[in-house]
Amino acid sequence: MSITMSSPMGLLGVIPGLFQVAFLLSLGFLLINVTRFYLRRQWLLKALQQFPSPPSHWLFGHKYEFQADQELEQILKWVDKFPSAFPRWMWGSEVFLQVYDPDYLRVILGRSDPKAMGSYRFLSPWIGEGLLLLNGPTWFQHRRMLTPAFHYDILQPYVQLMADSVQVMLEKWEKLVIQDSHVELFDHVSLMTLDTIMKCAFSYQSNTQLNRPSDQAEEGLSAGRERTGKGQKEEELGFPRHSPLDQRALPLCKRRSNWPTQNVNTFQPGILLPRDHLSQMPYTTMCIKEALRIYPPVPGIGRVLSKPITFSDGRSLPKGIIVSLNIHGLHHNPKVWSNPEVFDPFRFAPGSTHHSHAFLPFSGGSRNCIGKQFAMNEMKVAVALTLLRFELSPDPTRVPNPVPKLVLRSTNGIHLHLKKL
């Protein structure tokens, strides 16, 4: 009697063969990936051989060199040790060349290399495909269209709107001081800046500072922050894009289109202040710039080299290398700034000089921050009005611990003692 494929005995004879085929296919794919990994790593080692760095593990890179909340401290140690740049290996075939020399930065920012998306791509569901995420001709077209809106003269009428938002924040602080002289600033300042941009960019009176965001909005912001911090590592290790964080965040992103739009265009600009009002604050400007030097809001940005590059000292890099423009390292580079950890506003006194690319809190080149003048105006208004109403002093028991996320953050908040004047 012959054994057919549909009989149990026939299936038992076929199953070992299927397992063998599956095993051989899996082994083949594994060998292909291992070969790719090896060739990619060898190419990177050769491409970066001119840039020394501490020894790294062949798989885990420099992971164990960087403790969770001490990343900036470790980077500054290497900035002091390695001139101009060093490779930071994230894992076996993933490396970022950390660049913090002003001459190197001038060369890179003078080009039109695309952004290294990294964590930025996880912002797309929240902010859309705008100037921050775009590259190429579309970015250039949008940037050219929007640039006139941020001209100094155009921004002057909005100073009063900024002042109105700051006054709301300060009035909240006065109530808090009655209860306790200690205030954590980050949330208050975040809501104030959101209130300001809603008024200035959308003519929308949001009352964000007085009406706290709903739990839903808070959940969305939290999910976005978590996803931005963890998303890149998850994808690199092969996790699916729609992780539990995505499952929590995506419905909130979809509801973004249902945010309230009533009262749009009903908020009218306030009194136009004198044209040179903010320019008559030289010492305040010096202090703000020095604070931005020590704590740059964006600690680093990435570029993917679209063509080979050669630096002034003769070192070169091929196409395809990811360079991280380490703004924090640049601002704390002892070869660029003497006593970089010391707060000294007179570094930016009128008439003082420094390298054109030694101070880049808003990046540089064609892709610099389009809102840098808006941000400077807002900071001047906020600092001036705050110092007219309060005396501030740091809380020695809760010193901020800065960590580099998408922006510079403090793991334990920013705590100050306030005394009403």
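The coordinates are above.
Criteria and cut-off values
- Residues numbered from 1 in each chain as written.
- Predicted model: local features only at pLDDT ≥ 70, side-chain atom pairs only at ≥ 80, totals over all residues.
- Heavy atoms only, no water.
- Helix = DSSP H or I, 4+ residues; strand = E, 2+ residues; numbered from the N terminus.
- Contact = heavy atoms within 4.5 Å.
- Buried < 20%, exposed > 50% of the residue type's maximum accessible area, 1.4 Å probe, protein only.
- Lys, Arg positive; Asp, Glu negative; His and termini not counted.
- Salt bridge = Lys/Arg side-chain N within 4 Å of Asp/Glu carboxyl O.
- Polar contact = N/O pair within 3.5 Å; in protein donor to acceptor, adjacent residues only side chain to side chain.
- Axes fitted to C-alpha atoms, helices over the stretch in contact; angles between N-to-C directions.
- Parallel < 35°, antiparallel > 145°, perpendicular 65-115°, else oblique.
- Left-handed = near helix turned anticlockwise from the far one by under 90°.
- Nonpolar A, V, L, I, M, F, W, Y, C, P; charged D, E, K, R; others polar.

### Observations regarding the overall build of the chain
So, step 1. Helix and strand counts for the chain come out as 13 helices and 11 strands.
So, step 2. Put simply, of all contacts in the chain between residues at least 6 apart along the chain, 69% involve residues at least 24 apart.

### Description of the side chain of arginine 367
So, step 1. In this fold, arginine 367 is placed in the loop between helix H12 (327–331) and helix H13 (372–389).
So, step 2. Despite being buried, arginine 367 has no salt bridge partner; glutamate 129 is the closest side chain of opposite charge, sitting 9.3 Å away.
So, step 3. A distance of 2.7 Å separates the side chain of arginine 367 from the side chain of asparagine 135, its partner in a polar contact.
So, step 4. If we ignore the near neighbours within four places in the chain, the residues touching arginine 367 are Lys115, Leu131, Leu132, Leu134, Asn135, Trp139, Arg143 and Arg303.

### What to know about helix H2 (residues 71–81)
So, step 1. If you check which residues of H2 are buried, you get Glu71, Leu72, Gln74, Ile75, Leu76, Trp78 and Val79.
So, step 2. Those residues of H2 that are buried are in contact with strand E1 (85–91), strand E7 (322–326), H12, strand E9 (402–404) and strand E10 (408–410).

### Considering the pattern of salt bridges
So, step 1. What the rule picks out here adds up to 10 salt bridges.
So, step 2. Here arginine 106 and aspartate 103 are joined by a salt bridge, their closest N and O atoms 2.9 Å apart. Linking arginine 106 with aspartate 103, this pair stays in helix H3 (residues 102–109), spanning three residues, or about one helical turn.
So, step 3. Judged by its relative accessible area of 28%, aspartate 103 is partly exposed.
So, step 4. Here glutamate 290 makes a salt bridge to arginine 347, at a shortest N to O gap of 2.9 Å. With glutamate 290 in helix H11 (residues 282–294) and arginine 347 in the loop between H12 and H13, the pair connects residues that are 57 residues apart, well separated along the chain. For the residue pair glutamate 290 and arginine 347, the accessibility class agrees, reading buried in each case.
So, step 5. Via salt bridges that share partners, Glu174, Arg389 and Lys420 belong to a single interconnected network.

### Some details on the packing of helix H7 (residues 159–179) against helix H8 (residues 185–202)
So, step 1. Contact geometry for H7 and H8: axes closest at 9 Å, N-to-C directions at 150 degrees. Accordingly, the angle class assigned to the pair H7 and H8 is roughly antiparallel. Like other packed secondary-structure pairs, H7 and H8 cross with a definite hand, here right-handed. Taken together, the residues of H8 that come into contact with H7 (itself represented by Leu161, Met162, Asp164, Ser165, Val166, Met169, Lys172, Trp173 and Leu176) are Leu185, His188, Val189, Leu191, Met192, Asp195, Thr196, Lys199 and Cys200.
So, step 2. Its residues placed into classes, the contact of H7 with H8 shows 11 nonpolar, three polar and four charged.

On their own, these measurements won't tell you what the molecule is for.
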